[in-house]
Amino acid sequence: MTRRLHRLLLGLVVPTLTVALTTTLAASPAQAGNAAGPASIVNRLTGPFAMNDTIGRYNIVGTDLGVMWDNGRGEVLTAFGDTQSFNGWSLLYGELFYWRSNVLLRSADRNLADGMTFTSHAGRPGHAKRLLKPNVRREVTIIPTAGVAANGKQYMTVMSVKRWDQPGIWTTNWSGLVVSNDNGENWRALNAFRPNGGGNKKFQMGAFLKVGKTIYYYGTPDGRWGGVYLARVDEKDIENLGKWDYFSYGRWVRNDPGAATPVMGAPTGELSVAWNDYLGKYISLASQDIGVTLRTADNPWGPWTSGEIVAPSADPYTGYAPYIHPWSKGSTLYFTYSISIGYQVYLMRLPLKK
């Protein structure tokens, strides 16, 4: 029985999970800083009895991540990781659930106080299709890690997972840039791969931040234990890795990822970065072994604060991958958050203070 199947079965047999998580999370204290209180659950976005009928509308029973970005056309695109559904054929292979690597849903919901409603998806009616097919002889899966709209197109970075190791540790083959010309419906790989070695090892996962025509990319090694490194590129050159600059000891170095030095400390895992109009600062949320860390900075390159824990690792238990909703405004920050027990994605709320 796979690790994913364990997570999904736990979700189906624990119907009181949401209530329990909400109760414990609301009682968790937050450290001093820009958080006015701990993060709390707004609503469950996926799976059985969620606010969205992801089983009936998209054939999604269990999934994780929820990487979000503004598509520049009045929608937020949300890419999910390993996704499961019921499929009788999978029983022939000894699996209760049919597994497909990655799917995409769209949302135009700006009222996030009660959750995030999905309005459409990539795929045929009733089924969110797999966006990128892994080569199972070389990789376990292909996982989306970040997305950005640029040049009238949609871009994602993805990682090729070679193997799952211990919790919080996995090994990638490479990370790469993929593009869609039709609002996330179809994707193709670009000649922009970063093998997991040398300087490119620092950019196996990451987060996009767009400031004007400049696209910043915050990279981490595979897993949740590395530091954070920074690259940038002009929007028009995003597909050409040779045009990327890397932040190194306070200066920018062209086409040399090995020169990149950390802008945020280890251990840091899945992260997201955005501008926050209320604080007047750039903000980051990231996974750490002790929980979700909130950091702030006056510039994209920092210096970044050491961070404060806004969702302890036990509240909610088995949570990971906090991705900031790009339409968060004012003193309330919204983000998606995956919970391994149940293998579903939640929308979270974090109150901020100056």
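Above: the structure in question.
Below you will find a few notes about this structure. (Residues numbered from 1 in each chain as written. Predicted model: local features only at pLDDT ≥ 70, side-chain atom pairs only at ≥ 80, totals over all residues. Heavy atoms only, no water.)

Some thoughts on the sheet that holds strand β9 (residues 153-164)
- Pairing in this open sheet of 4 strands is antiparallel, and the strands run β8-β9-β10-β11 from one edge to the other. Because the sheet does not close on itself, it has two edges, and the strands there are β8 (141-150) and β11 (188-195). This sheet shows a mean twist of 25° between the axes of neighbouring strands, independent of strand direction.
- Note that β9 and strand β10 (residues 170-180) share 10 bridges and pair antiparallel. Its bridge partner lying in β10, M159 is registered against S175. (Pairing = 2+ DSSP bridges. Helix = DSSP H or I, 4+ residues; strand = E, 2+ residues; numbered from the N terminus. Axes fitted to C-alpha atoms, helices over the stretch in contact; angles between N-to-C directions.)

Quick notes on the pairing of strand β3 (residues 76-80)
- Burial runs high along β3: 5 of the 5 residues are buried.
- The alternating pattern of β3 places V76, T78 and F80 on one face and L77 and A79 on the opposite face, and all of these are buried.
- Bridge count for strand β2 (residues 65-70) against β3 is 5 bridges, and the pairing is antiparallel. In the strand pairing of β3, D70 is matched with V76.
- Between β2 and β3, which pair antiparallel and follow one another directly, the connecting turn spans 5 residues, one of which, G72, has a positive phi of 80°. (Buried < 20%, exposed > 50% of the residue type's maximum accessible area, 1.4 Å probe, protein only.)

A short note on empty space enclosed by the protein
- On inspection of all chains with the given rule, the structure shows 1 cavity of 30 Å³ or more.
- Estimates place the volume of the largest cavity at around 70 Å³.
- Taken together, T157, S175, G176, L177, A192, R194, F203, Y217, L241 and W244 make up the lining of the largest cavity.
- Only β10 and β11 provide two or more residues apiece to the lining of the largest cavity. (1 Å grid on protein atoms, 1.4 Å probe; cavity = no way out; pocket = protein on both sides within 12 Å on 5 of 7 lines; lining within 4 Å. Points joined across faces, edges and corners; volume = space filled by probe spheres on them.)

Comments concerning the sheet that holds β2
- Taken in spatial order, the 4 strands make up an open sheet running β2-β3-β6-β7, and their pairing is antiparallel. Each end of this open sheet is capped by a strand with a single partner; those strands are β2 and β7 (120-121).

Side note on the layout of surface pockets
- Estimates place the volume of the second largest pocket at around 680 Å³.
- In this structure, the second largest pocket is lined by 33 residues; those nearest its centre are L209, K210, V273, A274 and P326.
- Of all the elements in the fold, those that place two or more residues in the lining of the second largest pocket are β2, β8, β12 (205-211), β18 (271-276), β19 (281-288) and β22 (319-324).
- Split by residue class, the lining of the second largest pocket holds 20 nonpolar, 9 polar and 4 charged. (Nonpolar A, V, L, I, M, F, W, Y, C, P; charged D, E, K, R; others polar.)

Describing the side chain of T46
- Here T46 is to be found in the loop between β1 (40-44) and α3 (54-58).
- Looking at T46, the relative accessible area reads 1%, which means it is buried.
- A polar contact of 3.0 Å, which involves the side chain of T46, links it to the backbone nitrogen of V345.
- The contacts of T46, once residues within four sequence positions are left out, are T54, T63, F80, Q344 and V345. (Polar contact = N/O pair within 3.5 Å; in protein donor to acceptor, adjacent residues only side chain to side chain. Contact = heavy atoms within 4.5 Å.)

Nothing here speaks to function; it is all geometry.
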